[in-house]
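Remarks on the overall topology
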Amino acid sequence: MSDTTQILRRYELILTSAGEGIYGLDVEGRATFVNPAALAMTGWVKEEVLGELIHVQHHHSRANGEHYPRHECPIYAALQDGEVHHITDEVFWHKDGTCFPVHYTSTPIWEHGEIIGAVVVFQDVSGIKQAEAELALLQRRSALVLAAAGEGICGFDCQGNVTFSNPVATKMLAWPLKSGQAQTIHDLFGRDQPNSEEYCPIHNIMAGKALFKASDKVFWRADGTHFPADFICTPIIDDGVVQGIVMVFSDISQRKLNEQKLNQALIEIKQLKNRLQAENTYLQEQINYNHQFTDILGQSDSLKTALHQVEQVAPTETTVLILGETGTGKELFARALHDLSHRNQRPLVKVNCAALPANLIESELFGHEKGSFTGATARRTGRFELAHEGTIFLDEIGEIPLELQAKLLRVLQEGEIERLGDSKTLKINVRVIAATHRDLKKMVAEGTFREDLYYRLSVFPLSIPALRERKKDISLLAHAFVTKYAQKMSKQVNHIPQTVMDNLLSYSWPGNVRELENVIERAVILSPEPFLQIHELQSPEQSGLDTEQTLLSLANMEKAHIIKVLESVQWKISGENAAAAILEMHPNTLRSRMNKLGIRRATTAF
């Protein structure tokens, strides 16, 4: 076999073994050669192809299914113009009438400067087309997922330039986030921190972190505004090389607002809880406290006048100063004022200023913080704070130290208090009712009571009549007290002899209603059933002496009454049925009053 024959044979083997379909065409477009791959793809046999026009034999057509006329068929283009033609998205037909997409190249064959034929090499691209369709579907689905995501999603290259963003990110950031524009990751984080390696997700991902996330960071919008965001970044890796990052972020403005509202609500709930606990403690104390009356009893004109004044002033916000001797029932009138006011759904908080040591009264009224003074082991809510939106009753207001009166004046004028050990000012809404048996005008003149505070307190003075001024009420009160203590002691004392009643009516009652109640209670204990007997009352002549004593100063009258009570209990100050209990005073307070008034065991009454 000659060398030429061997070369031709080698070329034929190459063409026969090729994976693509190959046609050899003469100058007219008839097939002079076809390889097995072409026959396998089209379904024709070699004898049916050789010598035939290719576009007719194979029903060659456009991609839309229409057949080309011969002079337009691109498979012959190389025969016409001598150029190489690459044709894509065309259709070849099977012998059985089905078709398949092809890409092919038509190359002219030149010899001695003339075109003597062409070679057509084609490839079945069905698999490629299917892969492209699947990829397009995948991309479409990915786009829909990104568009439907509730979080912002952005892509960045390794230089931090924006490569893509979903609609949520575009809307939240208001940046024209498109690939090729000038926006970078630092436009989102704010250009005030462009070089912060700790803050930059690109730096952290490129440094080898598989994940980078942060909470409550500031993202900036195109208009210069910003919002708090949580974000998480992951690397985009291709062939083991980081190509960029994907950032998923959420605007947490509403969450932070809700957290602030929740924290504020929790603070308010805690304050309300503390306040309710303090109120509960206070009310429990009041439940356990033995009140001297269950109602205001009496039919005298002087009492009716005082009650009419209560009805007039109770619905207002006016500060009331209740004036009256010890034992006239000032606290009961304060309760009536509160119950008839619009504040009656809130507590009436009572403070006996005379029963509190001078060094503790400020803490009692205004509260204190933990550690504000020795012994302050916990925070304490003051009585003014406890009475917020309610009423506070300051009994024996004349006993408040001069240095504390300025703070009390501020409460009346500004509605503000400060706890001991705390510089924070608290606004309160409290109605103040004060009471005293002392002559505040005289105290003002002596410089022991502030004049401006006096005028603030005495906007509406309410005078409570002494029991000697309402003699007709003694019988009513006496019967009420007999019933009360007889039931309490399970005794059948239910009758007051006229002689006893006469003694009650003739007595001057320097201790007023409180003294009357104490006398009745002792008499019920000592009396045989069913008659009430009272032995310790003075005769009318002696009570006349007492009437003269009422012309003495209040201090001397108070001194005489304390001595009288002490003598009735053999000078026993503390304990059950002792002087402090009868006078409803703390034993230490009673001792303080005795020292102040100069009362000693050898002292005699006026």
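Here, the structure is the one placed above.
Residues numbered from 1 in each chain as written. Predicted model: local features only at pLDDT ≥ 70, side-chain atom pairs only at ≥ 80, totals over all residues. Heavy atoms only, no water.

In space, the 5 strands of this open sheet follow the order β7-β6-β10-β9-β8, with antiparallel pairing throughout. A strand with exactly one partner marks an edge of an open sheet, and here the two such strands are β7 (162–165) and β8 (212–220). Within this sheet the neighbouring strands show an average axis-to-axis angle of 30 degrees, counted without direction. Here strand β6 (residues 152–157) pairs with strand β10 (residues 241–251) via 6 bridges, running antiparallel. If you follow G152 over to β10, its bridge partner there is F249. (Pairing = 2+ DSSP bridges. Helix = DSSP H or I, 4+ residues; strand = E, 2+ residues; numbered from the N terminus. Axes fitted to C-alpha atoms, helices over the stretch in contact; angles between N-to-C directions.)

We now examine unusual backbone geometry. For E396, which is not a glycine, the phi torsion comes out positive at approximately 55 degrees. Along the polypeptide, E396 turns up in the loop between β15 (391–395) and α15 (402–414). Of note in this structure, S490 is not a glycine but carries a positive phi near 60 degrees. Within the fold, S490 resides in the loop between α18 (474–488) and α19 (498–506). Residue S490 is classed as exposed on the basis of its relative accessible area, which comes to 63%. (Buried < 20%, exposed > 50% of the residue type's maximum accessible area, 1.4 Å probe, protein only.)

So, about the sheet that holds strand β12 (residues 348–352). Strand order across the open sheet formed by 5 strands is β12-β15-β18-β11-β19, with parallel pairing between neighbours. Each of the sheet's edge strands pairs with one partner strand only, and the pair in question is β12 and β19 (460–463). Neighbouring strand axes in the sheet, compared pairwise and without regard to direction, differ in orientation by 20 degrees on average. Relative to strand β18 (residues 431–436), β15 runs parallel, the two sharing 4 bridges. Paired with T391 across the bridge in β18 is R431. Contacting β11 (320–323), β12, β15, β18 and β19, helix α12 (residues 330–339) crosses the sheet at an angle of about 150 degrees to β11. (Contact = heavy atoms within 4.5 Å.)

Right, let's get into the pairing of strand β3 (residues 85–93). In this structure, β3 lies alongside strand β4 (residues 99–111), joined through 7 bridges in antiparallel fashion. What sits directly across from F92, in β4, is F100. Between β3 and β4, which pair antiparallel in sequence order, lie 5 residues; one of them, G97, sits at a positive phi of approximately 100 degrees.

Turning next to the packing of aromatic side chains. Counted according to the given criterion, the structure contains 11 aromatic pairs. A ring pair is formed by F92 and Y104, whose centres lie 5.7 Å apart and whose planes are at 35 degrees; its orientation type is tilted. Pair noted here: F92 is in strand β3 and Y104 is in strand β4, with a separation of 12 residues, a long-range link. Comparing F92 with Y104 shows no difference in burial state: the two are buried. When the centroid spacing of 5.9 Å and the interplanar angle of 50 degrees are considered together, the rings of F212 and F231 count as tilted. (Phe/Tyr/Trp six-rings, centres within 6.5 Å; stacked < 30°, edge-to-face > 60°.)

Let's shift gears to the nonpolar core. Core analysis: the largest hydrophobic core is formed by 31 residues, its most contacted members being L365, F384, I392, L394, I397, F449 and L457. Counting residues per element, the ones that place at least two in this core are β12, α13 (361–366), α14 (383–386), β15, α15, β18, α16 (440–446) and α17 (451–457). Ranked by residues supplied to this core, first place goes to α15 with 5 residues. Within the second largest apolar cluster, 25 residues are counted, among which are A37, A38, A78 and Y104. (Core = buried A, V, L, I, M, F, W, Y, C linked by side-chain atoms within 4.5 Å.)

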